[in-house]
Amino acid sequence: MAARPAPTEPIPERIVVIGCAGSGKTTLARALAGRLGARHLERDALGDDEAPSFATQVAAAIDAAGSRWVFDGAPYNAELVVYPQADTVVALDYPRRVVQRRV
């Protein structure tokens, strides 16, 4: 069996997956987290993004996740907590017909 060549690019460790409803953010984030041995952080599970404490909740979740995490969803009202720590952002942008079929 041949050895795998060493990757030429660094492997992402802190990823944010964004996209509209039905675009597959959660599905992709779960798969990435599993493959990378990272913690999956689901934005919707962190509470109401309009709550005054939302950014604090997100910061606590990121701290608890350690050095490897995949954040699922746009971090509204917590952008300044999430994006500066992320090393990769994945934007899912499918045609409208694809998203409508999923939703």
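Residues numbered from 1 in each chain as written. Predicted model: local features only at pLDDT ≥ 70, side-chain atom pairs only at ≥ 80, totals over all residues. Heavy atoms only, no water.

## Overview of the environment of Lys-25
Tracing the backbone through its elements, the reader meets Lys-25 in helix H1 (residues 25–36). Expressed as a C-alpha distance, the spacing of Lys-25 and Asp-72, which sit 47 residues apart in the sequence, is 6.0 Å. If we skip the residues at most four places from it in the chain, Lys-25 touches Val-17, Ile-18, Gly-19, Cys-20, Asp-72, Gly-73 and Leu-92. (Helix = DSSP H or I, 4+ residues; strand = E, 2+ residues; numbered from the N terminus. Contact = heavy atoms within 4.5 Å.)

## Quick notes on the confidence of the model for the chain
For the chain, the mean per-residue pLDDT works out to 91, and 97% of the residues sit at or above 70. Taken element by element, the predicted model of the chain shows its lowest mean pLDDT in helix H4 (residues 96–102) (80) and its highest in strand E3 (residues 69–72) (98). (pLDDT = per-residue confidence, 0-100.)

## Observations regarding the nonpolar core
Counting 14 residues, the largest nonpolar core has Leu-41, Val-58, Ile-62, Trp-69, Phe-71 and Val-82 as its most contacted members. Of all the elements in the fold, those that place two or more residues in this core are helix H2 (54–65), E3 and helix H3 (79–82). Per element, the largest residue contribution to this core is five residues, and it comes from H2. Among the nonpolar cores identified, the runner-up in size contains eight residues, and Ala-33, Leu-36, Ala-38 and Leu-92 belong to it. (Core = buried A, V, L, I, M, F, W, Y, C linked by side-chain atoms within 4.5 Å. Buried < 20%, exposed > 50% of the residue type's maximum accessible area, 1.4 Å probe, protein only.)

## Things to note about H2
For H2, with 12 residues, the first-to-last C-alpha span of 17 Å sits near the 16 Å given by 1.5 Å per residue. All of the buried residues in H2 are Phe-54, Val-58, Ala-61, Ile-62 and Ala-65. The buried residues of H2 occupy one face: seen down the axis, they fall within an arc of 100°. Relative to its buried face, H2 has exposed residues pointing more than 90 degrees away, namely Thr-56, Asp-63 and Ala-64. (Expected span 1.5 Å × (residues − 1). Arc of directions from axis to C-beta.)

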